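# Results of the structural survey
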Amino acid sequence: MYTRNLTQEESTTTAARARDNHRLTAAAAPLGRVGIAALAAVICVGAPVAALASTQSGTLNAGPSSQVANAKAMTGCAANPSSCGFPDASNTGVPKGKKLLTVPGQISSGPGWHYDSRGWVEVDGNGANLTGLYIPYNLDITASNVTISDSKVVTGGANAFGISVRHTSNVTIEDSTIAGLNTGAGRMMTGVKDVYADSTGLTVLRDNISMAETGVQLEAGTVRDSYIHNTGFIAGDHVNGVTSNGGGSGLLTIDHNTILVNRNQTDAVGLFEDFGIQQNRVITNNLLAGGSYALYGGQNPGGAPTANITVTGNVFSTTYYATGGAFGPVTYFNSAGAGDNWSGNTWDGTGQIIASP
């Protein structure tokens with residue numbers, strides 16, 4: 001499988017991943033369906049519970065996730081997320097029964113896009129609409145007002161992106177499946193990546209993302225109603241569900257997703273100040289589990305205070321660790337930051353409120 005080569009600037013951005021000493025990088029043992037017994041040999045903090053059950057049916061709640069029932073009433077959700085109205089395999093990704101055309105064997109181009117013989121699919125026409133495609137390559141988007149729907153992207157390798165966006169505005173990726181080749185050497189580096197961290201209006205909606213080091217990496221936009229799970233790992237990876245590296249001021253909304261990181265590092269949602277302050281983030285009504293901590297709240301120790309970080313109504317599962325993540329549910333959240341708000345976050349197993357960190 002192929003991906004468009006990284007430029008020097010892109011490589012520098014990708015490599016600049018300052019990480020704190022809470023993260024375990026030596027083993028990153030997978031848990032749950034991919035080997036729960038490995039935990040004992042890797043880490044002694046926390047205790048996993050039974051592997052996640054596969055799900056076959058369920059209906060995703062329509063409309064904004066503010067319509068979800070009170071989080072305290074939702075317990076035992078990780079075993080069957082859709083039973084609680086959360087995303088899982090039954091209600092995300094390519095719709096069941098949808099027939100896909102393979103690129104380039106059955107189709108190699110369309111309005112605003114084409115297969116590049118160097119080994120990727122390029123979307124370079126504003127307003128392009130790609131639907132019903134099977135793309136066994138990186139899908140690279142350099143145009144704006146683009147919609148990707150009902151499509152499957154499968155690729156893998158050390159630097160592989162599933163879908164990459166570069167200097168774009170108003171790109172929507174919806175009802176699609178984005179997957180690596182496997183959870184090892186064939187994992188994706190990132191399922192959906194805003195390469196230069198400057199795209200605006202990026203929307204990831206009802207997508208099924210798996211076998212990636214990082215599910216979605218962006219600075220502004222919306223990740224909603226999506227299922228990020230069955231993560232990938234090669235030596236040196238820092239495994240994230242949805243992550244932001246900081247420095248931007250645009251609004252980032254992470255709303256009503258199921259994000260299950262079946263490893264002892266790093267997070268389901270990670271806000272980091274690698275490149276600047278974390279501000280204007282809304283993390284609401286998600287089902288989260290795994291990593292060192294399920295949530296990194298953005299406050300770099302000794303750094304400028306975070307601002308306007310809202311974390312409300314999320315459900316933290318103990319499906320991998322009794323403490324949500326290997327070391328706890330959350331770290332580096334600054335409750336004293338201007339406009340920062342932690343409220344209504346609960347444990348999946350009991351419905352009990354998790355106190356503000």
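Everything numeric in this text was worked out from a predicted model, so none of it was measured. (Residues numbered from 1 in each chain as written. Predicted model: local features only at pLDDT ≥ 70, side-chain atom pairs only at ≥ 80, totals over all residues. Heavy atoms only, no water.)

### Examining the nonpolar core
The nonpolar side chains of soluble globular proteins are, as a tendency, buried together. To keep it simple, the criterion reads: Think of a nonpolar core as a cluster: buried Ala, Val, Leu, Ile, Met, Phe, Trp, Tyr and Cys residues, connected wherever their side-chain atoms sit within 4.5 Å. Per-residue accessibility, obtained with a 1.4 Å probe over protein chains only, is compared with the maximum for each type, and a residue is labelled buried under 20%, exposed over 50%, and partly exposed between these values. Elements are defined by DSSP. Helices are runs of H or I of four residues or more, strands are runs of E of two residues or more, and each kind is numbered from the N terminus. Residue contacts are defined here by distance: any two heavy atoms, one from each residue, within 4.5 Å place the two residues in contact.
Counting 52 residues, the largest nonpolar core has Leu139, Val192 and Val216 as its most contacted members. Per-element accounting of this core gives the leading share, three residues, to strand β22 (residues 267-271). For Val192, the residues in contact, after removing those within four places along its chain, are Ile163, Ile173, Ile178, Leu202, Val204, Ile209, Gly215, Val216 and Gln217.

### Here we look at the pattern of salt bridges
We count it as follows: Should a side-chain nitrogen of Lys or Arg be within 4 Å of a carboxyl oxygen of Asp or Glu, the pair is scored as a salt bridge.
Within this structure, the stated rule accounts for seven salt bridges. As a salt-bridge pair, Asp140 and Arg166 come within 2.4 Å of each other at their nearest N and O atoms. Pair noted here: Asp140 is in strand β7 (residues 138-141) and Arg166 is in the loop between β10 (161-165) and β11 (172-174), with a separation of 26 residues, a long-range link. The pair Asp140 / Arg166 is uniform in exposure class, with both members buried. The partner of Arg187 in a salt bridge is Asp237, and the shortest N-O contact between them spans 2.8 Å.

### Thoughts on the confidence of the model for the chain
The condition that has to hold: Per residue, pLDDT captures the predictor's confidence, and it can take any value from 0 to 100.
Chain-level pLDDT for the chain is 85 on average; 80% of the residues reach the 70-or-more range. Low confidence marks residues 7-72, where pLDDT is under 50. Its contacts with residues over four positions away, or in another chain, come to 153 contacts.

### So, unusual backbone geometry
A cis geometry characterises the amide bond from Val103 onward to Pro104, with omega recorded as 0°. Positionally, Pro104 belongs in the loop between β1 (101-102) and β2 (109-110). Cis geometry marks the peptide bond from Gln265 to Thr266, where omega comes out at 0°. Position of Thr266 relative to the elements: it lies in the loop between β21 (258-261) and β22. At Asn285, a position not held by glycine, the phi torsion is positive, near 55°. Of note, Asn285 is situated in the loop between β23 (279-284) and β24 (287-290).

### Quick word on the pairing of β21
As a reminder of what qualifies: For two strands to pair, DSSP has to find at least two bridges joining them.
Burial along β21 is two-sided: the face carrying Thr258 and Leu260 and the face carrying Ile259 and Val261 are both buried. Across two bridges, strand β18 (residues 227-229) lies against β21 in parallel orientation. Looking at β21, one finds that Ile228 is bridged to Ile259. Bridge analysis of β21 against β24 gives four bridges, and the strand direction is parallel. Paired with Ile259 across the two strands is Leu288, which belongs to β24.

### As for the environment of Arg187
Where we set the bar: Polar contacts, as used here, are pairs of N or O atoms within 3.5 Å; protein pairs need one atom able to donate a hydrogen and one able to accept it. Residues neighboring in sequence count only if both atoms are side-chain atoms.
Mapping Arg187 onto the fold places it in the loop between β12 (177-179) and β13 (188-194). Judged by relative accessible area, Arg187 falls into the buried class, the value being 1%. Arg187 sits 27 residues away from Ala160 along the chain, and the two C-alpha atoms are 7.9 Å apart. Discounting residues that sit within four places of it in the chain, Arg187 has contacts with Gly156, Gly157, Ala158, Asn159, Asn182, Met211, Glu213, Gly232, Phe233, Ile234 and Asp237. At 3.0 Å, the side chain of Arg187 and the backbone oxygen of Ala158 are in polar contact.

### Some details on the state of the cysteines
The bond known as a disulfide is covalent and runs between the sulfur atoms of two cysteines. To be explicit about the condition: By convention in this document, the label disulfide applies to cysteine sulfur atom pairs within 2.5 Å.
Going through the model one piece at a time under the given rule, you end up with one disulfide. Each disulfide pairs two cysteine sulfurs, and for Cys77 the partner residue is Cys84, the sulfurs being separated by 2.2 Å. With the S-S dihedral at roughly -90°, the linkage between Cys77 and Cys84 falls on the left-handed side. Judged by its relative accessible area of 14%, Cys84 falls in the buried class.

### So, the side chain of Asn345
Note on placement: Asn345 falls in the loop between β29 (341-343) and β30 (346-347). The buried category is assigned to Asn345, whose relative accessible area is 0%. In contact with Asn345, other than residues within four places in its own chain, are Val311, Thr312, Gly313, Asn314, Phe316, Gln352, Ile353 and Ile354.

### Quick notes on the pairing of β10
Note on strand geometry: in a regular strand, side chains alternate between the two faces of the sheet. Counting buried positions along β10 yields five of five residues, so the element is predominantly enclosed. Sheet topology places β7 next to β10; three bridges connect them, and they run parallel. Within β10, the residue paired with Leu139 across the bridge is Ile163. With four bridges connecting them, β10 and β13 associate as parallel partners. Residue pairing in the sheet places Ser164 in a bridge with Lys193 of β13.

### Topic: the sheet that holds strand β28 (residues 328-331)
Spatially, 11 strands are ordered β2-β3-β4-β7-β10-β13-β16-β19-β22-β25-β28 in an open sheet, and the strand pairing comes out mixed. Each edge of the open sheet is held by one strand with a lone partner, namely β2 and β28.

### Some points on the environment of Asn286
Structurally, Asn286 can be placed in the loop between β23 and β24. Separated by 17 residues in sequence, Asn286 and Val269 place their C-alpha atoms 9.8 Å apart. Setting aside its immediate chain neighbours within four residues, Asn286 contacts Phe86, Ile254, Asp255, His256, Asn257, Gly313, Asn314 and Val315. Among the polar contacts listed, one links the side chain of Asn286 to the backbone nitrogen of Asn257, at a separation of 2.8 Å.

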